[in-house]
Amino acid sequence: MVAGLPIITLSIMALCIWSFFSPETALVFIYSRDAALKGEAWRLLSSHLVHFSNSHLVCNLLAFGAIGAIMEARSHWRFLALSLLSATSIGTALIIFEPTMSYYGGLSGVICSLIFYITLCETQESGSTKTMAKVFLAVLSVKIAFETLTGNSLFISKEEH
């Protein structure tokens, strides 16, 4: 962070806004299974910068801005490494485990990984912080399980994708 500003978080948010208002950029950034399999591997990472609707963008920016600023204040290197690792892992998992998914975009998966990590760290604390972290981990796990089993997002409708 520079002078208290979460530069990495703000930069990623700016790229999301840029790709949202630049359809040409979004077409190059979006996860396209066919394009990725033809060698456009950057899409496994850049697809997280693409959003499909105003509400999709706003929800992701609010959540990412909050968790990103918190995590970046703790360790900007750990934040950057975890963001890149989770984004790349999600893209790779889509290629391997979701052969019917043609297109993907959004920061939701990265956000969940950051929230999961920071909440897991909080379980090492004592008292009510530890208890709240455990409850939050349980709720997050239920959310992820629901979305995985039903194929529906709790916060963004399929029409918006």
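Moving on, we come to the overall build of the protein chain. Check the secondary structure of the protein chain and you find eight helices and two strands. Mapped from its N terminus to its C terminus, the protein chain presents α and β elements in the order α-α-β-α-α-α-α-β-α-α. Its C-alpha radius of gyration of 16 Å places the protein chain within 12% of the 15 Å reference for a compact globule of 161 residues. Principal axes of the C-alpha set define a box for the protein chain whose edges measure 50 × 40 × 30 Å. Within the protein chain, the fraction of its 161 residues that count as buried is 39%. Carbon and sulfur atoms form 70% of the exposed surface of the protein chain, whose accessible area is close to 9200 Å².

Before going further, it helps to spend a moment on the nonpolar core. Formed by 25 residues in total, the largest nonpolar core has its most connected members in Phe-64, Leu-107 and Leu-114. Looking at this core, the elements with two or more residues in it are helix H1 (7–21), helix H2 (23–29), helix H5 (54–74), helix H6 (76–97) and helix H7 (108–122). The leading source of residues in this core is H7, at six residues. Among all residues touching Leu-114, those that are not within four sequence positions of it are Phe-64, Ile-67, Met-71, Phe-79, Leu-82 and Ser-83. Ranked by size, the runner-up nonpolar core spans six residues in total, among them Ala-36, Leu-44, Leu-94 and Tyr-104.

All right, on to the packing of H7 against helix H8 (residues 127–150) then. Relative orientation of the contacting elements H7 and H8 amounts to 150°, with a least axis distance of 8 Å. With respect to H8, the element H7 is oriented roughly antiparallel. Taken as a pair, H7 and H8 cross one another with a handedness that is left-handed. Residues Cys-112, Ile-115, Phe-116, Thr-119, Leu-120 and Glu-122 of H7 lie in contact with H8, whose contacting residues are Thr-129, Lys-130, Ala-133, Phe-136, Leu-137, Leu-140, Ser-141 and Lys-143.

A few words now on the packing of aromatic side chains. Geometrically, a pair of aromatic rings is defined through the distance of the ring centres and the angle of the planes. A full pass over the atoms with the stated rule returns three aromatic pairs. Between Phe-20 and Phe-21 the ring centres are 5.1 Å apart and the planes differ by 90°, which places this aromatic pair in the edge-to-face class. With a relative accessible area of 63%, Phe-21 lands in the exposed category.

Looking now at a nonpolar patch on the surface. Where nonpolar side chains cluster on the molecular surface, the patch consists of Leu-5, Ile-7 and Leu-10 and spans about 240 Å² of accessible area. Locating Leu-10 in the fold gives a position in helix H1. Classification of Leu-10 by relative accessible area gives partly exposed; the value is 41%.

Considering all chains together, one arrives at three salt bridges under this definition. A salt bridge links Arg-43 to Glu-40; the nearest nitrogen and oxygen atoms lie 2.6 Å apart. You can call Glu-40 partly exposed: its relative accessible area is 26%. The closest approach of N and O atoms between Glu-122 and Arg-74, which form a salt bridge, is 2.6 Å. Taken as a pair, Glu-122 in helix H7 and Arg-74 in helix H5 lie far apart in primary sequence, 48 residues in all.

Procedures and definitions
- Residues numbered from 1 in each chain as written.
- Predicted model: local features only at pLDDT ≥ 70, side-chain atom pairs only at ≥ 80, totals over all residues.
- Heavy atoms only, no water.
- Helix = DSSP H or I, 4+ residues; strand = E, 2+ residues; numbered from the N terminus.
- Rg over C-alpha atoms; globule rule 2.2 N^0.38 Å.
- Buried < 20%, exposed > 50% of the residue type's maximum accessible area, 1.4 Å probe, protein only.
- Areas by Shrake-Rupley, 256 points an atom, 1.4 Å probe, with all protein chains shown as cover.
- Core = buried A, V, L, I, M, F, W, Y, C linked by side-chain atoms within 4.5 Å.
- Contact = heavy atoms within 4.5 Å.
- Axes fitted to C-alpha atoms, helices over the stretch in contact; angles between N-to-C directions.
- Parallel < 35°, antiparallel > 145°, perpendicular 65-115°, else oblique.
- Left-handed = near helix turned anticlockwise from the far one by under 90°.
- Phe/Tyr/Trp six-rings, centres within 6.5 Å; stacked < 30°, edge-to-face > 60°.
- Patch = residues over 30% accessible without salt bridge, like charges linked within 9 Å, V, L, I, M, F, W, Y side chains within 5 Å.
- Salt bridge = Lys/Arg side-chain N within 4 Å of Asp/Glu carboxyl O.

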